[in-house]
Amino acid sequence: MVARQLVDRGIRQCRVLAAMAWVPREWFVPPHLAGDAYDDAPLPIGSGQTISQPYIVALMTECLAPRRGDKVLEIGTGSGYQAAVLAHLGARVYTIERLPDLLVEAEERFRRLGLTGIETRLGDGAAGWLEAAPFQGILVTAAAPHVPQPLADQLAPGGRLVIPIGDLASQELVIWERGRDGTPRERRAGGVRFVPLISRLAFTEEPEWR
Ligand code: SAM
């Protein structure tokens, strides 16, 4: 997976590649899909949700570029795989999921892997985690029509927010940075397709096709 799906597509940061090689992806998919865990594709994890394609996890992690000890907020815990990659990189991870069943399963995986640097919360991640803010990094793993204002507000000066922005059909990966003087800067890292961020601050309802 690391050589063919990540290095060949341009993922360059050695520590990101090492973290992707370390986290056992087969632990983060339903048991009947363990044989497909390293496929070059997103996979269903139940409740209509998905674990992202390995390349997208690596790309988002590389775009965020968390340093050891950084406080990172992830929105959309899902299987817990992305949070595990960030924790293995030495980030202090705060992760929020709106679906209780998924969160319970992810917490069990963190325990089994001995990943202690991950705080979890059940709720609407678009509102952020005010008590733990500000964050050096924020990673949103569900699509939104725009950056939810609470997340922009909870980003530290010099911090970086990575989020898929667009409509329900397709999005662009946006890297939004708050300069040390407070000036925002934005760049784009290509097209992606994520499940929606369900929130009064993003998409307000489950789409009908779900
Ligand atoms: N990061 C996950 C992983 O590594 O498996 C994949 C995330 S999945 C593509 C998107 C997740 O966002 C789903 O689990 C979904 O329930 C969650 N989600 C959607 N809206 C949310 C919200 N407002 N707050 C928190 N989680 C939300």
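Residues numbered from 1 in each chain as written. Predicted model: local features only at pLDDT ≥ 70, side-chain atom pairs only at ≥ 80, totals over all residues. Heavy atoms only, no water.

Quick word on the nonpolar core
Side chains that are nonpolar tend, in soluble globular proteins, to be buried together.
Line of reasoning, step 1. Counting residues in each nonpolar core, the largest one holds 48 residues, and the members touching the most others are L6, I11, M20, F28, Y81, V85 and V162.
Line of reasoning, step 2. Of all the elements in the fold, those that place two or more residues in this core are helix 2 (14–22), strand 1 (43–46), helix 3 (54–64), helix 4 (81–88), helix 5 (100–113) and strand 8 (171–178).
Line of reasoning, step 3. A per-element tally of this core places helix 3 first, with eight residues.
Line of reasoning, step 4. Once residues lying within four places of it in the same chain are set aside, the contact partners of I11 are L6, V16, L17, Y55, A58, L59 and E62.
Line of reasoning, step 5. In this structure, W129, A152, I165 and V174 belong to the second largest nonpolar core, which totals 24 residues. (Core = buried A, V, L, I, M, F, W, Y, C linked by side-chain atoms within 4.5 Å. Buried < 20%, exposed > 50% of the residue type's maximum accessible area, 1.4 Å probe, protein only. Helix = DSSP H or I, 4+ residues; strand = E, 2+ residues; numbered from the N terminus. Contact = heavy atoms within 4.5 Å.)

Re the packing of aromatic side chains
Line of reasoning, step 1. A complete count under the given rule lists three aromatic pairs for this structure.
Line of reasoning, step 2. Measuring from ring centre to ring centre gives 5.1 Å for Y94 and W129, while their planes differ by 85°; the resulting arrangement is edge-to-face. With Y94 in strand 4 (residues 92–97) and W129 in the loop between strand 5 (118–122) and strand 6 (135–140), this residue pair connects regions lying 35 residues apart in the sequence. We note that Y94, like W129, is buried.
Line of reasoning, step 3. In this arrangement the basic side chain of R9 is found over the ring face of Y55, its NZ or CZ atom lying 5.1 Å from the centre.
Line of reasoning, step 4. Geometry around Y81 places R25 over its ring, the cationic atom sitting 4.9 Å from the centre. (Phe/Tyr/Trp six-rings, centres within 6.5 Å; stacked < 30°, edge-to-face > 60°. Lys NZ or Arg CZ within 6 Å of the ring centre and 35° of its normal.)

Thoughts on the site of the ligand
Line of reasoning, step 1. In the neighbourhood of the ligand, 26 residues make up the surrounding shell, with S79, E97, D124, G125 and I198 lying closest.
Line of reasoning, step 2. Interatomic distance of 3.5 Å between a backbone N/O atom of Y81 and an oxygen atom of the ligand.
Line of reasoning, step 3. In the model, a nitrogen atom of the ligand is placed 3.4 Å from a nitrogen or oxygen of the G123 main chain.
Line of reasoning, step 4. With the chains in place, 99% of the 610 Å² that the ligand exposes on its own is no longer accessible. (Near = heavy atom within 4 Å. Polar contact = N/O pair within 3.5 Å; in protein donor to acceptor, adjacent residues only side chain to side chain. Areas by Shrake-Rupley, 256 points an atom, 1.4 Å probe, with all protein chains shown as cover.)

Here we look at the environment of D153
Line of reasoning, step 1. Within the secondary structure, D153 sits in helix 6 (residues 149–153).
Line of reasoning, step 2. Distance from D153 to P134, taken between C-alpha atoms, is 8.2 Å for residues 19 residues apart in sequence.
Line of reasoning, step 3. Reaching out from D153, the side chain makes a polar contact with the side chain of Q149 at a distance of 2.8 Å.

So, helix 3
Count 3.6 residues to each turn of an α-helix, and residues three or four apart come out pointing the same way.
Line of reasoning, step 1. Helix 3 sits mainly inside the fold: eleven of its eleven residues count as buried.
Line of reasoning, step 2. Among all positions of helix 3, only P54, Y55, I56, V57, A58, L59, M60, T61, E62, C63 and L64 are buried.
Line of reasoning, step 3. In the segment just after helix 3, A65 is the residue with positive phi, at about 50°.

Focus: the sheet that holds strand 9 (residues 184–192)
Line of reasoning, step 1. Pairing is mixed in the open sheet, where seven strands are placed in the order 5-4-3-6-7-8-9. Looking at which strands have only one partner, the edges of the open sheet turn out to be strand 5 and strand 9. For this sheet the average axis-to-axis angle between neighbouring strands, irrespective of direction, equals 15°.
Line of reasoning, step 2. Here four bridges tie strand 3 (residues 71–75) to strand 6, and the two strands are oriented parallel to one another. Pairing of E74 across the sheet is with L139, part of strand 6.
Line of reasoning, step 3. Each of strand 3, strand 4, strand 5 and strand 6 touches helix 4; the most contacted strand, strand 4, lies at about 170° to it.
Line of reasoning, step 4. Packed onto the sheet, helix 5 meets strand 4 and strand 5 and runs at close to 165° relative to strand 5. (Pairing = 2+ DSSP bridges. Axes fitted to C-alpha atoms, helices over the stretch in contact; angles between N-to-C directions.)

Quick notes on the side chain of R25
Line of reasoning, step 1. Mapped onto the elements of the fold, R25 is located in the loop between helix 2 and strand 1.
Line of reasoning, step 2. For the buried R25, no salt bridge is present, and the opposite-charge side chain at shortest range is E26, 7.8 Å distant.
Line of reasoning, step 3. A polar side-chain atom of R25 sits 2.6 Å from the main-chain carbonyl oxygen of A37.
Line of reasoning, step 4. Every residue in contact with R25, bar those within four places of it in the chain, is listed here: M1, A37, Y38, A41, I51, S52, Q53, P54 and Y81. (Lys, Arg positive; Asp, Glu negative; His and termini not counted. Salt bridge = Lys/Arg side-chain N within 4 Å of Asp/Glu carboxyl O.)

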